[in-house]
Amino acid sequence: MIIDLDLSQHCIETEIRRLYNRAVSDLLNKKTPVDALAATIESLRICLEQVDFAALRGAHSALAGGTQSQVQLLTRNGEIRLVIDHRETLLPARDAGPINMSCDGRTPCPGR
(Lines give C-alpha, C1' and ligand atoms only; values in the text may rest on other atoms or scores of the structure.)
Protein backbone atom coordinates (compact mmCIF):
# COMPACT_ATOMS: atom_id res chain seq x y z
CA MET A 1 0.00 0.00 0.00
CA ILE A 2 1.22 3.49 -0.85
CA ILE A 3 0.12 6.64 0.96
CA ASP A 4 1.06 9.93 -0.72
CA LEU A 5 2.17 12.71 1.64
CA ASP A 6 1.85 16.41 0.80
CA LEU A 7 4.62 18.27 2.61
CA SER A 8 4.21 21.55 0.77
CA GLN A 9 2.55 23.24 3.77
CA HIS A 10 3.70 21.30 6.85
CA CYS A 11 6.08 18.65 8.18
CA ILE A 12 5.73 14.89 7.86
CA GLU A 13 4.39 14.41 11.39
CA THR A 14 1.59 16.95 10.85
CA GLU A 15 0.73 15.40 7.48
CA ILE A 16 0.53 11.88 8.89
CA ARG A 17 -1.63 13.11 11.79
CA ARG A 18 -3.86 15.01 9.34
CA LEU A 19 -4.32 11.94 7.12
CA TYR A 20 -4.99 9.73 10.15
CA ASN A 21 -7.64 12.10 11.51
CA ARG A 22 -9.29 12.37 8.08
CA ALA A 23 -9.36 8.58 7.63
CA VAL A 24 -10.87 8.02 11.08
CA SER A 25 -13.47 10.73 10.41
CA ASP A 26 -14.34 9.15 7.06
CA LEU A 27 -14.70 5.79 8.77
CA LEU A 28 -16.94 7.15 11.52
CA ASN A 29 -19.05 9.10 9.04
CA LYS A 30 -19.24 6.05 6.75
CA LYS A 31 -17.90 8.05 3.82
CA THR A 32 -15.54 5.24 2.84
CA PRO A 33 -15.92 1.46 3.27
CA VAL A 34 -14.17 -0.02 6.31
CA ASP A 35 -12.04 -2.34 4.20
CA ALA A 36 -10.63 0.57 2.23
CA LEU A 37 -9.56 2.47 5.36
CA ALA A 38 -8.47 -0.21 7.84
CA ALA A 39 -4.95 -0.71 6.49
CA THR A 40 -4.41 3.02 5.99
CA ILE A 41 -5.53 3.85 9.53
CA GLU A 42 -3.35 1.09 10.98
CA SER A 43 -0.22 2.18 9.07
CA LEU A 44 -0.71 5.83 10.03
CA ARG A 45 -1.42 4.92 13.68
CA ILE A 46 1.76 2.87 13.91
CA CYS A 47 3.76 5.74 12.44
CA LEU A 48 2.31 8.23 14.91
CA GLU A 49 3.06 5.93 17.84
CA GLN A 50 6.49 4.64 16.86
CA VAL A 51 8.36 6.99 14.51
CA ASP A 52 11.04 9.31 15.84
CA PHE A 53 9.90 12.33 13.82
CA ALA A 54 12.60 14.65 15.15
CA ALA A 55 15.32 12.28 13.95
CA LEU A 56 13.53 11.83 10.64
CA ARG A 57 13.25 15.58 10.01
CA GLY A 58 16.88 16.01 11.05
CA ALA A 59 18.06 13.34 8.61
CA HIS A 60 15.93 14.54 5.67
CA SER A 61 15.36 18.28 5.38
CA ALA A 62 12.54 17.76 2.85
CA LEU A 63 10.46 16.24 5.64
CA ALA A 64 10.40 19.48 7.62
CA GLY A 65 7.80 20.85 5.22
CA GLY A 66 7.61 23.56 2.60
CA THR A 67 8.90 21.21 -0.07
CA GLN A 68 7.75 19.92 -3.43
CA SER A 69 9.55 16.60 -2.92
CA GLN A 70 7.54 13.50 -3.68
CA VAL A 71 7.09 11.67 -0.37
CA GLN A 72 5.19 8.44 0.26
CA LEU A 73 4.66 5.90 3.00
CA LEU A 74 5.06 2.38 1.66
CA THR A 75 3.69 -0.63 3.53
CA ARG A 76 5.14 -3.88 2.27
CA ASN A 77 5.78 -7.26 3.86
CA GLY A 78 4.78 -5.98 7.29
CA GLU A 79 7.19 -3.03 7.22
CA ILE A 80 6.49 0.63 6.77
CA ARG A 81 9.10 2.53 4.78
CA LEU A 82 9.41 6.05 3.51
CA VAL A 83 10.03 6.95 -0.12
CA ILE A 84 11.52 10.40 -0.75
CA ASP A 85 11.88 11.35 -4.41
CA HIS A 86 11.92 7.67 -5.42
CA ARG A 87 14.52 6.67 -2.78
CA GLU A 88 13.35 4.24 -0.16
CA THR A 89 14.46 4.61 3.46
CA LEU A 90 13.61 3.06 6.81
CA LEU A 91 11.64 5.06 9.34
CA PRO A 92 13.56 5.52 12.60
CA ALA A 93 11.68 4.19 15.61
CA ARG A 94 11.66 5.98 18.94
CA ASP A 95 13.24 2.85 20.43
CA ALA A 96 15.97 2.55 17.74
CA GLY A 97 15.03 0.08 15.06
CA PRO A 98 12.90 -0.14 11.92
CA ILE A 99 9.16 0.29 12.14
CA ASN A 100 7.38 -3.05 11.86
CA MET A 101 3.64 -3.63 11.61
CA SER A 102 3.86 -6.37 14.28
CA CYS A 103 5.42 -3.93 16.77
CA ASP A 104 2.34 -2.13 17.98
CA GLY A 105 3.49 -1.40 21.52
CA ARG A 106 1.11 -4.00 22.95
CA THR A 107 2.88 -7.18 21.86
CA PRO A 108 6.56 -8.19 21.80
CA CYS A 109 8.35 -7.25 18.63
CA PRO A 110 10.50 -9.94 16.97
CA GLY A 111 14.21 -9.24 17.26
CA ARG A 112 14.00 -6.75 20.14
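Before reading on, note that the structure itself is shown above.
The rules we used
- Residues numbered from 1 in each chain as written.
- Predicted model: local features only at pLDDT ≥ 70, side-chain atom pairs only at ≥ 80, totals over all residues.
- Heavy atoms only, no water.
- Pairing = 2+ DSSP bridges.
- Helix = DSSP H or I, 4+ residues; strand = E, 2+ residues; numbered from the N terminus.
- Axes fitted to C-alpha atoms, helices over the stretch in contact; angles between N-to-C directions.
- Contact = heavy atoms within 4.5 Å.
- Buried < 20%, exposed > 50% of the residue type's maximum accessible area, 1.4 Å probe, protein only.
- Salt bridge = Lys/Arg side-chain N within 4 Å of Asp/Glu carboxyl O.
- Left-handed = near helix turned anticlockwise from the far one by under 90°.
- Nonpolar A, V, L, I, M, F, W, Y, C, P; charged D, E, K, R; others polar.
- Core = buried A, V, L, I, M, F, W, Y, C linked by side-chain atoms within 4.5 Å.

**Considering the sheet that holds strand E4 (residues 87–90)**
The sheet built from four strands is open, its strands ordered E1-E2-E3-E4 with antiparallel pairing. With partners counted over all chains shown, the strands left at the sheet margins are strand E1 (2–5) and E4, one partner each. Recorded for the sheet is a direction-independent mean angle of 30° between the axes of neighbouring strands. By the bridge criterion, four bridges tie strand E3 (residues 79–84) to E4 in an arrangement that is antiparallel. The residue of E4 that forms the bridge with Leu 82 is Thr 89. Where helix H1 (residues 12–28) meets the sheet, its contacts fall on E1, strand E2 (71–76) and E3, and the angle it forms with E1 comes to roughly 120°.

**Observations concerning the environment of Ala 55**
The topology assignment puts Ala 55 in helix H3 (residues 53–59). Classification of Ala 55 as partly exposed rests on a relative accessible area of 34%. Separated by 39 residues in sequence, Ala 55 and Arg 94 have C-alpha atoms that sit 8.8 Å apart.

**A short note on the pattern of salt bridges**
Scanning the model with the defined rule gives eight salt bridges in all. Between Glu 88 and Arg 76 there is a salt bridge, with its nearest N and O atoms 2.6 Å apart. Of this pair, Glu 88 sits in strand E4 while Arg 76 sits in strand E2, and the two are 12 residues apart along the sequence. Between Glu 79 and Arg 81 there is a salt bridge, and its shortest N-O distance comes to 2.9 Å. Several salt bridges share partner residues, and in doing so they unite Arg 76, Glu 79, Arg 81 and Glu 88 into one network.

**Description of the packing of H1 against helix H2 (residues 34–50)**
Packing of H1 against H2 leaves a shortest axis separation of 9 Å and a crossing angle of 145°. Pair H1 / H2 crosses with left-handed handedness. Contacts between H1 and H2 involve Glu 13, Ile 16, Arg 17, Leu 19, Tyr 20, Ala 23, Val 24, Asp 26 and Leu 27 from the first element and Val 34, Leu 37, Ile 41, Leu 44, Arg 45, Cys 47 and Leu 48 from the second. Per-class residue counts for the contact of H1 with H2 are 12 nonpolar, no polar and four charged.

**Some words on the nonpolar core**
Core analysis: the largest hydrophobic core is formed by 20 residues, its most contacted members being Leu 5, Ile 12, Ile 16, Leu 73 and Leu 82. Going through the elements one at a time, E1, H1, H2, H3, E2 and E3 are the ones with two or more residues in this core. Top element by residues in this core is H2. It accounts for four residues. When near neighbours in sequence (up to four residues on either side) are disregarded, Leu 82 contacts Leu 5, Ile 12, Leu 56, Leu 63, Val 71, Gln 72, Leu 73, Arg 87, Glu 88, Thr 89 and Leu 91.

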